[in-house]
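Chain by chain, the residues run as shown.
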Amino acid sequence: MSAETTSTLAGVSQEPGAAKPDPILVADDVTRRFGGMTAVDVGHLEVQRGAITALIGPNGAGKTTLFNLLTGFDQPNSGRWTFEGRQLAGVPAAKVSRAGMVRTFQLTKALSRMTVMENMRLGASDQPGERLLQALVPPLWKPREREITAKAEELLERFKLLEKKDDFAGSLSGGQRKLLEMARALMSDPTMVMLDEPMAGVNPALTQSLLGHIQGLRDGGTTVLFVEHDMHMVRHISDWVAVMAEGRLVAEGPPGGVMANPAVVDAYLGAHHDTDLGDDSLLSDEVAEQLEAEAEAEAEARSHGQAEGPQTDEGDR
Amino acid sequence: MDWTRILSNVAGELIAPTTAAYALAAIGLNVHFGLTGLLNFGQAGFMLLGAYGFAISTIAGWPLWAAVLVAIGCSVVFALVLGIPTLKLRGDYLAIVTIAAAEIVRIVGRSTALTNLTGASSGLRGDSYKETFQELSPFDDGTSTIGPFTYANNASNSWWVRIVGWALVLLACLLIWRLLNSPWGRVLKGIREDEDAVRSLGKNVYGYKMQALVLGGVIGSLAGVVYVMPRAVQPDSMGRPMTFWVWTILLLGGAATVFGPVLGSMLFWAALMLIKTVGRELIPSTVMRAEQIEQFGWIVVGVTLMLLVIFRPQGILGDKKELAINVR
């Protein structure tokens, strides 16, 4: 948690819908009903610019639905929201993305039958060759393509996927796909990234590096909003936590304090009152190192397995 | 058994105008299915519209270039009409709508109400619309022989039709090769894999799908024009079977490849000819009559398609690695 963002958020009142000093995203009266069921009913929500905000809540709380609404993948029954002062309600998903708010998905959407590099290139914006007629004249898009490729290599390096760049994305492990999806989302230099359960199905070592990447994003000035179940992660990296239950925003606050909020304990923890949700000792340096070592060994074993895999494959071709 | 005659018949199929027309139609379908993942089951409809557009405007006295533009225009309008309501929905809807729309084109074309325009079910006679095209030929009338092939220079089933047909195929291949390796083609492939992912990256998926549908349809309409050059415009010969043969050709050669549709078309028609001619020689008429052998050829085609999809879904030129990946 960076000291700077913590201090800017220090004066914010710890109640649902609290006003932030510099909100990048402001949503009002957003509702979404599926038949008789109200999946989302959020009165007011502000997301602080340049901070990592976690959106938590029990299963079926409407977190992903709210995500889909905000990013244009679903249409609300009512509501309006602005992103950097711009009305985004009813705007199609592609335009939301071009406005600078890029999302990832809970079920990773790596484009399996394209290479890692092609996946990355697809994330870039302003490629004139993506227009049909310009595509026919390579000199019009080759220079931009080189810029994109250089940037993609830089990001892949950062996410430790560079040696996989010519592999099909479908051959990556689940965690690597999560990394690829996040790296791909960064190709267009978004002002805000929306991560839908970035840690789901990721092994412990990759979790550590994913956490590092998310914090790195924040430190680079990008706003992060993420949905997560894993409370360790939430406590460890978020600057602010918003809690949803049954479609409503029930609590907000800094990660340390919000867990103690009776509304959260009531709505979110329910029967699991005694479960230790935020055990920081698990993230002590010792444990982290041990986890990393284990995962490195695992990754090495896997890369050996993969090196052999394609060769046997070659035989019957 | 006269093997030289059989083999020259089979080889003749390799360069026949029909083979070129089917190759072109499969290239168009490749833009839909191979690149973008659109399930178009109405390619014959695009071809028939192209043929009608060309023939009717030529009969009305329009010059060749204008008639070709009309053929292209018909397919653009057809693609827009099909795409606007369906491209926002799931892929299966496009399949249903295209197969129905192609049938509508055929049934409207053969209806007696339009006898003056389309000639109803008897169609439009070939010599009523071929003149402008044949006049453009630089060759003198007569016949030429190259190797085992002897054809007229300018008549219906001529060298001129073959040259233009295959030149169009070559141009279309060049176009697909260029687009397949461009950022535009990359977006289409992304859409084929996962629309929502591409949408989340800021691309207007609907617009890209529409462009692909129109482009593939235009190539299909040109295929229709080439197809009717050595024959007449017969609505009933351009129905559902034609669409499925185009699909067979595409899957045989390999979807999402540049030369797959061309190779597929050549193999398809050559193999069919081989089965028919050998069948006529070998099978006594007490077992199968000539027209039954014709039917038998198509049965073999159907079985081949089934075997192909089961055992080699990537086609002859496709990348097995690309298909072997489990799409999750």
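Residues numbered from 1 in each chain as written. Chains lettered and ligands numbered in written order. Predicted model: local features only at pLDDT ≥ 70, side-chain atom pairs only at ≥ 80, totals over all residues.

## A closer look at the packing of helix H2 (residues 17-36) of chain B against helix H12 (residues 240-253) of chain B
Residue and element names in this part refer to chain B. Interaxial distance between H2 and H12 falls to 9 Å at its minimum, and their mutual angle equals 75°. Our classification of the angle between H2 and H12 gives roughly perpendicular. Of H12, the residues touching H2 (which contributes Tyr-22, Ala-25, Ala-26, Leu-29, Asn-30, Phe-33 and Gly-34) are Trp-245, Val-246, Trp-247, Ile-249 and Leu-250. (Axes fitted to C-alpha atoms, helices over the stretch in contact; angles between N-to-C directions. Helix = DSSP H or I, 4+ residues; strand = E, 2+ residues; numbered from the N terminus. Parallel < 35°, antiparallel > 145°, perpendicular 65-115°, else oblique. Contact = placed C-beta atoms within 7 Å.)

## Overview of the domain arrangement of chain A
Residues and elements named next belong to chain A. Split into domains, chain A comes out as domain 1 (3-110 + 188-283) and domain 2 (112-171). Counting residues at the interface gives four residues for domain 1, matched by seven residues for domain 2. Split into classes, the residues belonging to the side of domain 1 that touches domain 2 amount to one nonpolar, two polar and one charged. (Domains from an automatic or database assignment. Nonpolar A, V, L, I, M, F, W, Y, C, P; charged D, E, K, R; others polar.)

## Looking at the interface of chain B and chain A
Contacts between chain B and chain A engage 28 residues on the former and 32 residues on the latter. Broken down by secondary-structure element, the contributors of at least two residues to the side of chain B that touches chain A are helix H8 (159-180), helix H9 (183-193), helix H10 (195-200), helix H11 (205-228) and helix H15 (320-324) of chain B. In terms of residue count, the dominant contributor to the side of chain B that touches chain A is H9(B) (seven residues). Residue classes in the side of chain B that touches chain A are distributed as ten nonpolar, seven polar and eleven charged.

## Quick look at the sheet that holds strand S4 (residues 78-83) of chain A
Residues and elements named next belong to chain A. With antiparallel pairing, four strands are arranged side by side in an open sheet as S2-S1-S4-S5. The open sheet has two edge strands, strand S2 (37-48) and strand S5 (86-87), and neither has a second partner. For strand S1 (residues 23-34) and S2, the ladder comprises ten bridges, and the chain directions are antiparallel. Its bridge partner lying in S2, Ala-27 is registered against Leu-45. (Pairing = 2+ DSSP bridges.)

## Concerning unusual backbone geometry
Residue and element names in this part refer to chain A. Phi is positive for Asp-126, which is not a glycine, with a value near 55°. Assignment of secondary structure puts Asp-126 in the loop between helix H4 (116-123) and helix H5 (132-135). For Asp-126, a count of 11 C-beta atoms within 10 Å puts it in the exposed group. Residues other than glycine seldom take positive phi values, yet Glu-246 does so here, at roughly 50°. Along the polypeptide, Glu-246 turns up in the loop between strand S9 (240-245) and strand S10 (248-253). For Glu-246, a count of 16 C-beta atoms within 10 Å corresponds to the partly exposed category. (Buried ≥ 20, exposed ≤ 12 C-beta atoms within 10 Å, placed from the backbone.)

## Structural notes on the environment of Gln106(A)
Residue and element names in this part refer to chain A. Looking at where Gln-106 falls in the secondary structure, it is placed in the loop between strand S6 (101-103) and H4. For the pair formed by Gln-106 and Val-258, sequence separation is 152 residues and the distance between their alpha carbons is 24 Å. Beyond its immediate chain neighbours, meaning those up to four positions away, Gln-106 contacts Thr-64, Asp-196, Glu-197 and Ala-200.

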